[in-house]
Protein chains: 2
Amino acid sequence: MALIVQKYGGTSVGTVERIQAVADKVARFRQQGHDVVVVVSAMSGETNRLVDLAKQIREQPVGRELDVLLSTGEQVTIALLAMALEQKGCPARSYTGAQVHILTDSAHNKARIRDIDDQRIRNSLARGRVVVVAGFQGVDEHGDITTLGRGGSDTTAVALAAALKADECQIYTDVDGVYTTDPRVVAEARKLDRITFEEMLEMASLGSKVLQIRSVEFAGKYNVPLRVLSSFSEGEGTLISIEDEKMEQALISGIAFSRDEAQLTITGVPDQPGVAYNILGPIADANIEVDMIVQNVGADGTTDFTFTVHRNDYARALEVMQDTARRVEAREVSGDNHIAKISLVGVGMRSHAGIASKMFETLAKEGINIRMISTSEIKVSVVVDEKYLELGVRSLHDAFELDQEPAGKSGN
Amino acid sequence: MALIVQKYGGTSVGTVERIQAVADKVARFRQQGHDVVVVVSAMSGETNRLVDLAKQIREQPVGRELDVLLSTGEQVTIALLAMALEQKGCPARSYTGAQVHILTDSAHNKARIRDIDDQRIRNSLARGRVVVVAGFQGVDEHGDITTLGRGGSDTTAVALAAALKADECQIYTDVDGVYTTDPRVVAEARKLDRITFEEMLEMASLGSKVLQIRSVEFAGKYNVPLRVLSSFSEGEGTLISIEDEKMEQALISGIAFSRDEAQLTITGVPDQPGVAYNILGPIADANIEVDMIVQNVGADGTTDFTFTVHRNDYARALEVMQDTARRVEAREVSGDNHIAKISLVGVGMRSHAGIASKMFETLAKEGINIRMISTSEIKVSVVVDEKYLELGVRSLHDAFELDQEPAGKSGN
């Protein structure tokens with residue numbers, strides 16, 4: 001008997017038939033004696049339909065009213081799912097974000113959860129009911145409806161799991177777990193049984209779209225075991241949790257990559273204190289997010305400075321940098337928006353030297369030139385020409401034998 | 001400067017363009033310096049769409065969850081209208097029923113309003129905003145969402161007007177006022193400038209679908225001046241209020257009629273105390289509503305008993321009555337579901353004799369046989385064969401000169 005929070009996304013509840021299939025899944029868990037709290041998104045397409053209505057009135061709708069509008073999407077789903085559960089003889093109650101006091105700040109369309117009053121949910125569970133909660137939405141201290149931004153239903157689920165001290169938070173999606181890399185690029189990609197929060201964060205932030213970064217951060221912070229699994233098939237999915245001795249002893253858990261990158265380089269910058277701030281300050285002021293940053297000291301008292309931004313921000317960033325170059329009297333600004341980033345991720349690399357050099361060797365053998373390198377405790381990222389992306393990912397997947405179960409894997 | 005509550009129904013807000021037209025109307029009132037509270041229904045078709053979704057799951061959806069589902073319809077409209085008002089530079093805030101504490105009992109799908117906390121609305125008005133409230137919905141003492149039943153948005157508007165002591169409650173519809181009778185039946189039907197609550201109640205309960213009966217009762221009880229007018233054209237509509245010395249001195253305000261009638265007669269019932277209860281008790285137990293009741297004492301110590309029910313209930317009522325007839329040893333049960341009811345309504349008839357006899361004379365001249373008669377202080381109703389309905393209504397409209405402005409009409 002456990003307390004489980006389950007979250008089903010828009011595709012999983014996209015039609016009445018699918019909602020009934022979700023009800024079947026939920027009812028089975030309930031029959032096994034578990035307490036179940038279900039968080040659902042709007043039926044797929046519904047949020048877009050509502051946004052379109054709003055945009056017919058105004059390109060940038062008032063944030064407060066947009067939240068009143070969008071929150072109806074999840075409210076429809078909770079009602080239908082609760083009906084479907086009752087229809088199957090499984091007592092259920094639906095609740096909006098406001099009804100279970102998911103208190104957020106007042107940042108409409110991207111609110112952050114501050115607190116959850118779990119009493120109403122606990123009372124409902126104690127009466128043997130499945131509790132169905134609208135994801136993505138909350139209420140601020142003034143009683144105004146707020147939403148957490150796209151994908152916020154994952155965050156709702158994790159926050160509820162944390163507040164209720166649930167045994168597990170299960171995120172049902174249209175994939176059956178987290179893979180060593182994207183199976184569309186590497187056919188031999190292998191589903192992982194377990195992965196740590198840190199690894200998942202790196203994977204998520206590097207382009208694996210399985211989970212929202214915020215929800216993984218949240219789960220890690222409150223140590224809520226998170227499981228990603230498929231709405232449409234059976235299987236244990238992938239458990240995301242803290243590092244555990246029983247955990248498979250892989251050096252590398254997976255390879256993440258991203259095509260949405262662009263690189264900017266400013267060369268011949270007079271090297272003096274404050275140079276990084278002088279260069280990146282105007283970029284930040286333009287609301288452009290910077291990802292990798294590399295600085296090299298040059299020979300003649302100048303420095304070269306390279307960073308990456310989202311490809312959509314490339315043109316704007318280039319403009320800002322040309323201004324900056326004039327101001328700091330740099331030699332030249334150059335850039336490239338046909339680059340890609342490949343990252344090896346794994347908690348195992350903390351205690352093992354040689355991961356980075358093996359990575360560079362593998363890429364060199366394939367004739368792939370590395371343009372930038374950046375490392376963290378559990379990650380090595382390289383920037384390469386976009387055309388080498390698939391080749392690079394495949395050769396690394398092969399070199400690190402990610403298609404094989406790790407040797408030290410426990411019996412679980 | 002007045003405080004006005006306006007209600008716009010589903011057709012009036014059926015598309016984004018119509019919502020923008022409503023916003024224009026509202027903004028004009030605001031510009032005139034009035035405080036405006038707007039109550040809106042779901043966009044036309046939306047409630048049916050939601051009901052269809054629910055019925056795909058269960059023919060009789062759980063009442064609580066149906067209310068969670070249906071209440072999203074109005075929530076969509078309030079958000080869009082508030083956006084449209086803001087877009088026109090008219091500050092506005094939307095509120096769900098729960099947000100302005102429209103407290104109801106817990107009778108899901110047909111809840112009754114108990115109380116409204118007007119503080120949040122007053123605060124918003126005091127800041128110069130138009131307040132947009134979702135009609136049809138409330139919240140019970142447990143915080144569960146309730147709905148007031150179809151057409152409940154009228155009730156919301158009147159209840160808000162009463163709570164706020166508004167100067168007028170304006171109900172915008174697709175007709176431009178209350179007519180002496182249905183213009184589709186009598187081309188000469190005339191729009192009334194004013195009518196009393198009592199008259200409107202009789203008109204509404206007799207089949208004039210302009211306003212919900214409950215909302216008229218509510219308005220009468222709290223003496224909220226109610227105005228029916230068109231969303232799509234200009235004009236003063238019809239004011240429904242208490243009787244007023246300045247009011248036009250018509251004997252008859254209008255002719256209401258209904259086709260949805262069926263008649264049942266039980267003859268040769270031994271006449272003894274309790275006979276009415278013995279006959280109508282089982283009908284009430286079967287949840288069938290009875291409209292007109294007529295009892296005649298016969299010659300041989302027996303009585304004949306006739307009553308009317310909604311045509312949809314005819315078959316069931318006939319079954320019940322056949323059982324009853326055996327039990328009370330009545331002679332015979334007969335019935336007819338091809339009847340119609342015609343009623344003259346007017347507060348003027350209180351002080352004027354001869355209305356009924358003129359009515360009977362008019363119908364007799366046309367060769368229309370009267371099957372039942374029932375009278376109240378401000379109404380005379382007759383039941384006739386359905387085929388005579390149009391002829392009867394037209395001849396009465398003509399005989400009582402309802403196409404003419406009443407002679408004693410004031411200058412207003």
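The text that follows walks through the structure, step by step, so that each part is easy to find. All values derive from a computational prediction rather than experimental measurement.

The rules behind each value
- Residues numbered from 1 in each chain as written.
- Chains lettered and ligands numbered in written order.
- Predicted model: local features only at pLDDT ≥ 70, side-chain atom pairs only at ≥ 80, totals over all residues.
- Least-squares fit on C-alpha atoms with pLDDT ≥ 70 in both.
- Contact = placed C-beta atoms within 7 Å.
- Pairing = 2+ DSSP bridges.
- Helix = DSSP H or I, 4+ residues; strand = E, 2+ residues; numbered from the N terminus.
- Axes fitted to C-alpha atoms, helices over the stretch in contact; angles between N-to-C directions.
- Buried ≥ 20, exposed ≤ 12 C-beta atoms within 10 Å, placed from the backbone.
- Core = buried A, V, L, I, M, F, W, Y, C linked by C-beta atoms within 7 Å.
- Left-handed = near helix turned anticlockwise from the far one by under 90°.
- Nonpolar A, V, L, I, M, F, W, Y, C, P; charged D, E, K, R; others polar.
- Right-handed = clockwise from strand over helix to strand, strands pointing away.
- Arc of directions from axis to C-beta.

Looking at the relation of the copies chain A and chain B
Copy one and copy two of the chain differ by a rotation about a common axis and a shift along it. Rotating chain A by 179° and translating it 0.1 Å along the rotation axis places it on chain B, where the RMSD comes to 0.2 Å. The relationship between the two copies is best expressed as a two-fold rotation axis. The rotation axis passes nearest to the C-alpha of T72(A) in chain A, at a distance of 2.5 Å. Both copies share a contact surface, since 100% of the interface residues of chain A are interface residues in chain B too.

Quick word on the sheet that holds strand β17 (residues 370-376) of chain A
Working definition: the strands of a sheet are paired by backbone hydrogen bonds and lie parallel or antiparallel to each other. Residue and element names in this part refer to chain A. One open sheet accounts for six strands, arranged β14-β15-β13-β16-β18-β17; its pairing is antiparallel. Where the open sheet ends on each side, the last strands, each with one partner, are β14 (290-297) and β17. Averaged over all pairs of adjacent strands, the angle between strand axes in this sheet comes to 30°, irrespective of strand direction. In this structure, strand β16 (residues 332-345) lies alongside strand β18 (residues 379-385), joined through seven bridges in antiparallel fashion. Considered in β18, the bridge of S343 is made with S381.

Digging into the interface of chain A and chain B
Often, the extent of an interface is quoted as the loss of accessible area on bringing the components together. Contacts between chain A and chain B engage 26 residues on the former and 26 residues on the latter. Mapped onto the side of chain A that touches chain B, the elements with two or more residues apiece are α1 (16-31), α2 (46-57) and α3 (63-87) of chain A.

Observations concerning the pairing of strand β6 (residues 130-134) of chain A
Residue and element names in this part refer to chain A. Most of β6 sits out of view: five of its five residues are buried. In β6, alternate side chains face the same way, and those of V130, V132 and A134 on one face and V131 and V133 on the other are all buried. Looking at chain direction, strand β2 (residues 35-40) and β6 are connected through four bridges and run parallel. Across the sheet, the residue bridging to V38 is V132, located in β6.

What to know about the nonpolar core
Membership of the largest hydrophobic core comes to 242 residues, with the highest contact counts inside it found for L81(A) and L81(B). Setting aside anything within four residues of it in sequence, one finds L81(A) in contact with V13(A), I19(A), V22(A), A23(A), V38(A), V40(A) and V132(A).

Observations regarding the sheet that holds strand β1 (residues 3-8) of chain B
All names here are of chain B. Reading across from one edge, β3-β6-β2-β1-β9-β11-β12-β10 is the order of the eight strands in this open sheet, with mixed pairing throughout. Sheet topology places β3 (92-95) and β10 (194-196) at the edges, where each strand pairs with a single neighbour. Taking each pair of neighbouring strands and ignoring which way they run, the sheet shows an average axis angle of 20°. The pairing of β10 with strand β12 (residues 238-241) spans three bridges and is parallel. Bridge pairing in β12 places R194 opposite L239. Across the face of the sheet, helix α1 (residues 16-31) comes into contact with β1, β2 (35-40) and β6 (130-134) while running at roughly 160° to β2. Strands in contact with helix α5 (residues 152-164) are β1, β2, β6, β9 (168-173) and β11 (226-230); relative to β1, the strand with the most contacts, it is inclined by about 175°.

Here we look at the packing of helix α8 (residues 275-285) of chain A against helix α9 (residues 314-328) of chain A
Residues and elements named next belong to chain A. As a packed pair, α8 and α9 sit with axes 9 Å apart at the nearest point and diverge in direction by 145°. Relative to α9, the crossing made by α8 is right-handed. Contacts from N278, I279, P282 and I283 of α8 reach α9 at A317, V320, D323, T324 and V328. In terms of residue class, the contact of α8 with α9 is made up of six nonpolar, two polar and one charged.

Quick word on the pairing of strand β1 (residues 3-8) of chain A
A regular strand places its side chains so that they alternate between the two faces of the sheet. Residue and element names in this part refer to chain A. β1 sits mainly inside the fold: five of its six residues count as buried. For β1 and β2, the ladder comprises six bridges, and the chain directions are parallel. Note on β2: the bridge partner recorded for Q6 is V38. Remark: the β1/α1/β2 crossover connection has right-handed handedness. By the bridge criterion, five bridges tie β1 to strand β9 (residues 168-173) in an arrangement that is parallel. Of the residues in β9, the one forming a bridge with V5 is C169.

Quick notes on unusual backbone geometry
Note on backbone geometry: most residues besides glycine have negative phi, and most peptide bonds are trans. Residue and element names in this part refer to chain B. At F136, a position not held by glycine, the phi torsion is positive, near 80°. Phi at N287 takes a positive value of approximately 65°, unusual for a residue other than glycine. Locating N287 in the fold gives a position in the loop between α8 (275-285) and β14 (290-297). Looking at N287, the number of C-beta atoms within 10 Å reads 8, which means it is exposed.

Some words on the environment of I78(B)
Considering the arrangement of structural elements, one finds I78(B) in helix α3 (residues 63-87). C-beta crowding within 10 Å serves as the criterion here: with 28 such atoms nearby, I78(B) is assigned to the buried category. In sequence terms I78(B) and V132(B) are 54 residues apart; their C-alpha atoms lie 5.9 Å from each other. Each residue touching I78(B), except ones within four places of it in the same chain, is listed here: V68(A), V40(B), S94(B), V132(B), V133(B) and A134(B).

Description of the environment of V384(A)
All names here are of chain A. Residue placement: V384 occurs in strand β18. Residues V384 and K341 lie 43 residues apart in sequence; the distance between their C-alpha atoms is 6.4 Å. With residues up to four places along the chain from it excluded, the contact list for V384 reads I339, A340, I342, I368, N369, I370, R371, L389 and G392.

Considering helix α11 (residues 389-399) of chain B
Residues and elements named next belong to chain B. Looking only at α11, the buried set comprises G392, V393, L396 and H397. Along α11, the residues classed as buried sweep out an arc of 125° about the axis, all on the same side. The inward-facing, buried residues of α11 contact β13 (254-270), β16 (332-345), α10 (355-365) and β18 (379-385). Downstream of α11 by a residue or two, E401 has a phi angle that is positive, lying close to 50°.

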